[in-house]
Amino acid sequence: MDSRFGAHRLPFIFLVVLVLTPMLMLMPQNVTSFAPGNLPKRAPHPHQGVIPKVPFDTKPDVTLTQQDMLKIDEGELWKHSWESNGIGGGIAIRDIAAPRDMVFEQVAKLEEYVGKVPFLKALRVYDRKDKGEEIIEKAEYNLKIAPMVSYEYFVEHHINKHLGILHFFLDYDRKSDFDDMQGKWILENHPTKPGWTRAWYQIDMSLPKRMPKPIKALLTNQGLASAIEWVKKASEEQGLMKHGHDGHGGAAAHFTAISLRANWLVAIFLLVGGLAVSGFVAFRAVIFAPSGARQPSLETGATSTPSNRVVDPSGGLELKRAEPFLQ
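Calculation criteria
Residues numbered from 1 in each chain as written. Predicted model: local features only at pLDDT ≥ 70, side-chain atom pairs only at ≥ 80, totals over all residues. Heavy atoms only, no water. Helix = DSSP H or I, 4+ residues; strand = E, 2+ residues; numbered from the N terminus. Buried < 20%, exposed > 50% of the residue type's maximum accessible area, 1.4 Å probe, protein only. Contact = heavy atoms within 4.5 Å. Areas by Shrake-Rupley, 256 points an atom, 1.4 Å probe, with all protein chains shown as cover. Pairing = 2+ DSSP bridges. pLDDT = per-residue confidence, 0-100. Lys, Arg positive; Asp, Glu negative; His and termini not counted. Salt bridge = Lys/Arg side-chain N within 4 Å of Asp/Glu carboxyl O. Axes fitted to C-alpha atoms, helices over the stretch in contact; angles between N-to-C directions. Core = buried A, V, L, I, M, F, W, Y, C linked by side-chain atoms within 4.5 Å. Phe/Tyr/Trp six-rings, centres within 6.5 Å; stacked < 30°, edge-to-face > 60°. Lys NZ or Arg CZ within 6 Å of the ring centre and 35° of its normal.

Visitor: Sorry, what's going on with the overall build of the chain here?
Guide: When its secondary structure is counted, the chain shows six helices and twelve strands. Counting every position in the chain, which comprises 327 residues, the buried fraction comes to 37%. In the chain, 56% of the contacts between residues at least 6 apart in sequence involve partners at least 24 apart. Carbon and sulfur atoms provide 61% of the accessible area of the chain, an area that totals close to 20200 Å².

So this is what it looks like as C-alpha cells:
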C-alpha cells in the first residue's frame, strides 16, 4: 500500500463503507433526480391498475358501531387498516373544526402540499383539464423518506368541489415507483356541529416487494393517520387566520373568540379580587390593631398610648371601649 495514503485512514474508510452499504441497498430502483421543470417520465406504467376501483362518489364501505360514532363525535381519530394479497389499505375519519369549503381548499390545492404533507419533497402539476364541476389534474410527486431513499410517482386527481370529493389514482401513462395506488377524500358538513367538517379518507396501495417493511408501514398504516392530521391542522390554522380578517372563521374562530372573552373575564376577576383583598387587609389592620400600638398625636406630634376609655360626645359620659377581639 502506498505510504502516502496512510494506514490511519483505514478505520475511517471502513466506517464510511459500513454506513453507505445498507443505505444503497435500501435505495429503490428507477428513481431519478427531481427538480422543478424536469419533464416527467414518459415510459408507461407496466399495467393499468391491479387494485379494484372504488366508487367515486360514495363514502367508504365501512360499518361504524355506536361506540365508533361516539369516539368520532368526541374528536378522536377513527381508523381501520388491512392488508391482503400484497395490497394494503385503510380508512380514516376525523372531525375538523373548520367549514367544508375551507377543508376542501387544503385538499384540492395540490401545489401547496409541499411543507404540509410529511416526507413530500416536491410536487409539480403537469396537466390540468376543466370539465365543468370536475377538474382533472395530474401531478408528479417526490417523497424523500431518508437520505438516498426517495420515491417518485404520478397521480391523476379528479376534483369535485360541489360534492366535496377528491378521487385519485396512478397516472398509468407514466411509470411510478409504486406498483399501484388509489384513494379518495370525502368531506361533508358535520351532522351536529355547525361550521365543522367530517372528513373521510381512504387509501389503497400496492407497493414493490423489494420495499423494506418499515417503509411500507410508514406509507400505509402511519400514512393513513398523518394524511388526515395534516389536513386537520392546516384547515384549523387557516380558520383562525381567516377569522382575523373577515370574521367567518367557522368553529375554530368561534372558539378563539370565546377564549378571548374568557381571558378578559379572568383579568377583570383578578383585578376586582385583588382590590377586594387589599381593602379587606387594610380594614382588618385598622379595626383589629393591637391595643398597645403607639399612635401619633395630632395636636403635639408626640406619641400617646391609646386608652380603653372614650367620652360620649352627646352627654359627656365616660364609656369603656370594648377590648379588641384579637390581641
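So that's the structure; there's more coming.
Visitor: What's the story with the pairing of strand β8 (residues 197-206) in this structure? I'm lost.
Guide: Moving residue by residue along a regular strand, the side chains alternate between the two faces of the sheet. Of all the ten residues making up β8, ten are buried; the element is thus mostly covered by neighbouring parts of the structure. Going residue by residue along β8, you find Thr197, Ala199, Tyr201, Ile203 and Met205 tucked away on one face and Arg198, Trp200, Gln202, Asp204 and Ser206 tucked away on the opposite face as well. The sheet contact formed by strand β2 (residues 87-96) and β8 spans ten bridges and is antiparallel. Within β8, the position partnered with Asp95 by the bridge is Arg198. Sheet topology places strand β7 (residues 180-189) next to β8; ten bridges connect them, and they run antiparallel. Among the inter-strand pairings, Ile186 is bridged to a residue of β8, identified as Trp200.

Visitor: Teacher, can you tell me more about unusual backbone geometry here?
Guide: Keep in mind that most residues, glycine aside, have a negative phi and that most peptide bonds are trans. Positive phi, normally seen in glycine, also occurs at Asn85, with a value near 55 degrees. Looking at Asn85, the relative accessible area reads 78%, which means it is exposed. Phi is positive for Met148, which is not a glycine, with a value near 65 degrees. When you line up the elements, Met148 lands in the loop between β4 (134-146) and β5 (149-160). The exposure class of Met148 is partly exposed, given its relative accessible area of 36%.

Visitor: What should I look at first to understand the confidence of the model for the chain in this one?
Guide: Reading fine detail from the predicted coordinates is not recommended where pLDDT is low. Taken residue by residue, the chain gives an average pLDDT of 74. The fraction at 70 or more is 61%. Within the model, the stretch residues 1-5 combines pLDDT values under 50 with three contacts to residues more than four positions away or in other chains. When the criterion is pLDDT under 50, residues 16-40 qualifies, and its contacts beyond four places in sequence or with other chains add up to 36 contacts.

Visitor: Whenever I open this one, the side chain of Asp204 confuses me. Can you help?
Guide: Turning to its location among the elements, Asp204 is positioned in strand β8. Nearest to the buried, unbridged Asp204 among oppositely charged side chains is Lys184, at 8.5 Å. Residues contacting Asp204, with those up to four places away along its chain left out, are Ile51, Val54, Trp82, Gly88, Gly89, Gly90, Asp180, Met181 and Gln182.

Visitor: Where do I start with helix α3 (residues 100-108) in this structure?
Guide: Structural remark: α-helix, 3.6 residues per turn; residues separated by three or four positions point the same way. In terms of burial, α3 is a largely internal element, seven of the nine residues being buried. Buried within α3 we find Arg100, Met102, Val103, Phe104, Gln106, Val107 and Ala108.

Visitor: Help me understand the sheet that holds β8, please; the structure alone is not making it clear to me.
Guide: The sheet built from eight strands is open, its strands ordered β1-β2-β8-β7-β6-β5-β4-β3 with antiparallel pairing. Looking at strand neighbours, the two that pair on one side only are β1 (78-84) and β3 (120-131), the edges of this open sheet. Shown here is a sheet whose adjacent strand axes are inclined to one another by a mean of 15 degrees, direction ignored. Packing of α3 onto the sheet brings it into contact with β2, β4, β5, β6 (165-170), β7 and β8, and relative to β7 it is tilted by some 165 degrees.

Visitor: What should I look at first to understand the nonpolar core in this one?
Guide: A general tendency of soluble globular proteins is for nonpolar side chains to be buried together. In terms of nonpolar packing, the biggest core is built from 48 residues, with Tyr141, Phe178, Met181 and Trp185 touching the most fellow members. Sort the elements by how many residues they give to this core and helix α5 (residues 221-246) lands first, with seven residues. Those residues in contact with Tyr141, other than ones at most four positions away along the chain, are Leu110, Tyr113, Leu120, Ala122, Leu123, Tyr151, Glu152, Tyr153, Val155 and His157. Counting residues in each nonpolar core, the second largest holds seven residues, with Ile72, Trp78, Ile93 and Trp200 among its members.

Visitor: Please clarify how the packing of aromatic side chains should be interpreted in this entry.
Guide: In the structure shown here, the tally under the stated rule is six aromatic pairs. Note on Tyr151 and Phe178: the rings are 5.9 Å apart at their centroids and 35 degrees apart in plane angle, and the pair reads as tilted. Residue Tyr151 is located in strand β5, and its partner Phe178 is located in the loop between β6 and β7; the two are separated by 27 residues in the primary sequence. Here Tyr151 and Phe178 have matching classes, each one buried. For the ring pair Tyr153 and Phe178, a centre distance of 4.6 Å and an interplane angle of 25 degrees mean the geometry is stacked. Residue Tyr153 is found in strand β5, and its partner Phe178 is found in the loop between β6 and β7; the two are separated by 25 residues along the sequence. By way of ring pairs, the aromatic residues Tyr141, Tyr151, Tyr153 and Phe178 are connected into one cluster. Geometry around Trp196 places Lys193 over its ring, the cationic atom sitting 4.4 Å from the centre.

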